[in-house]
Amino acid sequence: MLANIGIPGLVLIVIIALIVFGPSKLPEVGRAFGRTLTEFKSATKGLVSDDEETKSQTTLEKKEIN
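Since this is a predicted model, take the numbers as computed values, not measurements. (Residues numbered from 1 in each chain as written. Predicted model: local features only at pLDDT ≥ 70, side-chain atom pairs only at ≥ 80, totals over all residues. Heavy atoms only, no water.)

Right, let's talk about the overall build of the protein for a bit. When helices and strands are counted, the protein shows 2 helices and 0 strands. Across the 66 residues that make up the protein, the buried fraction comes to 3%. Accessible area for the protein stands at about 6,100 Å²; split by element, carbon and sulfur atoms hold 67% of it. (Helix = DSSP H or I, 4+ residues; strand = E, 2+ residues; numbered from the N terminus. Buried < 20%, exposed > 50% of the residue type's maximum accessible area, 1.4 Å probe, protein only. Areas by Shrake-Rupley, 256 points an atom, 1.4 Å probe, with all protein chains shown as cover.)

Rendered as structure tokens:
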């Protein structure tokens, strides 16, 4: 979805953010957004790795049964 924004849309978002938050608060908002995105990525990776571990354990159990 974000890939379809383009440069003009991105400029519009930045201008609106400057109006809403002001230039002094914008870096703080950006850092908070970056931290949130980083936490989301790490949580997603954790879920994917947990799922892969479960699949590999299931596969090993099936091989042991046969």
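Quick look at the pattern of salt bridges now. What the rule picks out here adds up to 1 salt bridge. With its nearest N and O atoms 3.8 Å apart, the salt bridge here joins Lys 25 to Glu 28. (Salt bridge = Lys/Arg side-chain N within 4 Å of Asp/Glu carboxyl O.)

The next subject is the UniProt feature "transmembrane region" (unreviewed entry) in the protein. The positions that UniProt labels "transmembrane region" (unreviewed entry) are, in the present scheme, residues 6-26. Segment residues 6-26 splits into 81% helix and 0% strand. End C-alpha atoms: 21 Å apart. (UniProt positions renumbered as here; feature names shortened; annotations may be inferred.)

This part is about a nonpolar patch on the surface. Where nonpolar side chains cluster on the molecular surface, the patch consists of Ile 7, Val 11, Leu 12, Ile 15, Ile 16, Ile 19, Val 20, Phe 21 and Val 29 and spans about 860 Å² of accessible area. If you trace the backbone, Val 11 turns up in helix α1 (residues 6-21). The exposure class of Val 11 is partly exposed, given its relative accessible area of 43%. (Patch = residues over 30% accessible without salt bridge, like charges linked within 9 Å, V, L, I, M, F, W, Y side chains within 5 Å.)

What follows is about α1. For α1, spanning 16 residues, the distance from its first C-alpha to its last is 22 Å, which sits close to the expected 22 Å at 1.5 Å a residue. Backbone geometry just after α1 places Gly 22 at a positive phi near 85°. (Expected span 1.5 Å × (residues − 1).)

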